[in-house]
Amino acid sequence: MAPLVGIIMGSDSDLPTMQGAIAVCEEFGVDTEVAIISAHRTPERMVEYAKSAHQRGIKVIIAGAGGAAHLPGMVASLTPLPVIGVPVPSRHLQGVDSLYSIVQMPAGIPVATVAIGNAKNAGLLAVQILATHQAELLNKVQQYRQTLSESVMAKQEKLEEVGYEEYLRQMQSAE
Ligand code: RP5
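Residues numbered from 1 in each chain as written. Predicted model: local features only at pLDDT ≥ 70, side-chain atom pairs only at ≥ 80, totals over all residues. Heavy atoms only, no water.

Chemist: How should I be thinking about the domain arrangement of the protein in this particular structure?
Modeler: Here the protein is partitioned into domain 1 (5-133) and domain 2 (136-173). Spacing between the C-alpha centres of domain 1 and domain 2 amounts to 30 Å. Summed over both partners, the interface of domain 1 with domain 2 comes to about 680 Å²; 71% of that surface belongs to carbon and sulfur atoms. Counting across the interface, domain 1 meets domain 2 through zero salt bridges. A breakdown of the residues in the side of domain 1 that touches domain 2 according to their chemical character gives six nonpolar, one polar and two charged. (Domains from an automatic or database assignment. Buried area = accessible area lost by both parts, 1.4 Å probe. Salt bridge = Lys/Arg side-chain N within 4 Å of Asp/Glu carboxyl O. Nonpolar A, V, L, I, M, F, W, Y, C, P; charged D, E, K, R; others polar.)

Put into structure tokens, the structure is as follows:
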């Protein structure tokens, strides 16, 4: 099937972070295309990609970048599609620079920005956007939420059963 989510990143060094978005889309059975596109090093390729994405059937773009993270905002300015920005943790400023670069968009050109390094949430948001008009996917999102809730309740039950000290000990020995 033609991919519905475009997952792009400024450098291959962003891939370890961005794999969270790819993995979650795969988990929900959503086809993606993955590309390295740099706003600074390959600006013309970025323009071409952003202008053609909707014509190729892409519905949502997830863009990750670090440092002077212009990719999500520039892509958002060139496409009518929703863009989700992932601030990639950077070496010197731990991704605060990436976050500020991505989140401070001017009125008129939004980028939905997730937490630093949280590509998983970007993938989930893309899935939820697609699920607004896909009943089967909406069902999967609801099941996922149910599983999340059950996993927290299982932790609570165990905490009550073994007490906090033993719980901590087991957590630390599992690390
Ligand atoms: C940004 O510069 C990329 O998104 C990456 O996070 C950062 C560093 O890139 P490399 O020097 O590792 O290629 O454009």
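And the narrative resumes.
Chemist: Help me out: how do you make sense of the site of the ligand in this one?
Modeler: By nearness alone, every residue bordering the ligand is listed as Gly 10, Ser 11, Ser 13, Asp 14, Arg 41, Ala 65 and Gly 66. Here an oxygen atom of the ligand and a backbone polar atom of Gly 66 are 3.1 Å apart. Here the ligand loses 67% of its free accessible area of 360 Å² to cover by the protein chains. Of the pockets mapped on this structure, the ligand occupies the largest pocket. For the shell around the ligand, the class distribution of residues is one nonpolar, four polar and two charged. (Near = heavy atom within 4 Å. Polar contact = N/O pair within 3.5 Å; in protein donor to acceptor, adjacent residues only side chain to side chain. Areas by Shrake-Rupley, 256 points an atom, 1.4 Å probe, with all protein chains shown as cover. 1 Å grid on protein atoms, 1.4 Å probe; cavity = no way out; pocket = protein on both sides within 12 Å on 5 of 7 lines; lining within 4 Å. Sits in = over half its atoms within 2 Å of the grid points.)

Chemist: Just checking my understanding: could you explain unusual backbone geometry for this structure?
Modeler: Where the residue is not glycine, phi is negative for most of them; where a peptide bond is considered, it is trans in most cases. Backbone geometry at Gln 94 places phi at a positive 55°, although glycine is not the residue there. You can call Gln 94 exposed: its relative accessible area is 53%. (Buried < 20%, exposed > 50% of the residue type's maximum accessible area, 1.4 Å probe, protein only.)

Chemist: Help me understand helix H1 (residues 15-27) in this model?
Modeler: When the terminal C-alpha atoms of H1 are compared, their 18 Å separation across 13 residues agrees well with the 18 Å that a helix rising 1.5 Å per residue should span. Regarding H1, the residues found buried are Thr 17, Met 18, Ala 21, Ile 22, Val 24 and Cys 25. Residues of H1 that are buried make contact with strand E1 (5-9), strand E2 (32-36), strand E3 (60-66), strand E4 (83-88) and helix H5 (119-131). Just beyond H1, the residue with positive phi is Gly 29, at close to 75°. (Helix = DSSP H or I, 4+ residues; strand = E, 2+ residues; numbered from the N terminus. Expected span 1.5 Å × (residues − 1). Contact = heavy atoms within 4.5 Å.)

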